[in-house]
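Working through the structure, step by step
Spelled out, the chains give:
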Amino acid sequence: ASRIDLNGFANNTWAALPIQQHPTAQMVYGLISPPEYDPLFEERLKMDRWELIGNIKDWVDIDDQRSGVFGGDENALYDRMEPRYRAKNAAFDSVEELRMVAGINDEVWSTFGEAFSIHTKNFKINVNAADATMIRALIRAYTDPTLLSDQMLDNDVLPVLMVERSFLPGPFRSSSDFI
């Protein structure tokens with residue numbers, strides 16, 4: 001419960017939302033958005049972060065259209081694969097299945113793979129069990145970066161929050177407790 005459930009992309013509740021407003025997409029973006037990952041996306045993947053998130057969503061959503069501003073046939077991403085295959089258009093059966101998604105190479109998997117799950121079924125993160133990286137991703141996903149810089153988050157907010165969490169009389173009982 002302290003990981004991002006990627007099957008949230010298959011949840012019909014949020015199917016009509018633009019990708020940047022999808023709760024699962026926002027959490028993934030919060031995880032992969034720090035500037036230290038710029039070289040991964042800009043130099044090695046040569047891919048926008050939202051494009052990668054769209055590819056994950058397209059693997060599980062029921063249509064054959066690419067998500068976001070990219071458009072086109074989502075299955076075209078897999079035409080050059082050997083053997084050739086198509087997007088699943090159904091929920092993930094295992095976290096390792098993520099490795100079949102276009103853009104998820106060994107480096108992406110080794111960097112972010114541990115942050116993902118397919119089993120929570122409520123699509124929420126347990127902030128009482130989450131590590132600092134996941135807490136940072138959640139805060140980044142739902143906070144305006146013009147109001148809270150990465151430096152302020154890393155140096156001021158996150159360390160205090162992690163210490164306070166360990167000394168509170170009990171765990172956060174609600175999202176408002178955490179906020």
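Now for a quick tour of the structure. (Residues numbered from 1 in each chain as written. Predicted model: local features only at pLDDT ≥ 70, side-chain atom pairs only at ≥ 80, totals over all residues. Heavy atoms only, no water.)

1. A closer look at the overall build of the protein chain
Helix and strand counts for the protein chain stand at 7 helices and 2 strands. In the protein chain, the succession of helices and strands from N to C terminus is β-α-α-α-α-β-α-α-α. Taken over C-alpha atoms, the radius of gyration comes to 17 Å for the protein chain, in line with the 16 Å a tight globule of 179 residues would show. Projecting the C-alpha coordinates of the protein chain onto the three principal axes gives extents of approximately 55 × 35 × 25 Å. Burial status across the protein chain gives 46% buried among its 179 residues. Considering only residue pairs separated by 6 or more positions, the protein chain has 57% of its internal contacts joining residues 24 or more positions apart. Side-chain charges in the protein chain split into 17 positive and 28 negative, and the spacing between the mean points of these groups amounts to 3 Å. (Helix = DSSP H or I, 4+ residues; strand = E, 2+ residues; numbered from the N terminus. Rg over C-alpha atoms; globule rule 2.2 N^0.38 Å. Buried < 20%, exposed > 50% of the residue type's maximum accessible area, 1.4 Å probe, protein only. Contact = heavy atoms within 4.5 Å. Lys, Arg positive; Asp, Glu negative; His and termini not counted. Charge placed at Lys NZ, Arg CZ, Asp CG, Glu CD.)

2. Some points on the environment of E51
When you line up the elements, E51 lands in helix 3 (residues 49-60). Considering only alpha carbons, one finds E51 and G103, 52 residues apart in sequence, at a separation of 8.8 Å. If we ignore the near neighbours within four places in the chain, the residues touching E51 are R66 and F70.

3. Quick notes on the side chain of N75
Inspection of the secondary structure assignment puts N75 in the loop between helix 3 and helix 4 (106-112). Leave out the neighbours within four places in its chain, and N75 touches D64, R86 and A87.

4. Description of the pattern of salt bridges
One pass over the structure, following the stated rule, counts 13 salt bridges. Linking R49 and D38 is a salt bridge whose minimum nitrogen-to-oxygen distance equals 2.8 Å. Separated by 11 residues along the polypeptide, R49 in helix 3 and D38 in helix 2 (residues 38-45) bring together distant segments of the chain. The residue D93 makes a salt bridge to K88 at a minimum N-O spacing of 2.6 Å. (Salt bridge = Lys/Arg side-chain N within 4 Å of Asp/Glu carboxyl O.)

5. With respect to helix 6 (residues 150-167)
Taking 1.5 Å per residue, 18 residues should reach 26 Å; helix 6 reaches 25 Å between its end C-alpha atoms and fits that length. Within helix 6, the axis deviates most sharply at V157, by approximately 35°, and proline P159 lies no more than four positions further along. Among the residues of helix 6, those classed as buried are L153, L158, L161 and R165. Buried residues along helix 6 sit against helix 5 (132-142) and helix 7 (175-178). (Expected span 1.5 Å × (residues − 1). Bend = angle between axes of the 7 residues up to and from the residue.)

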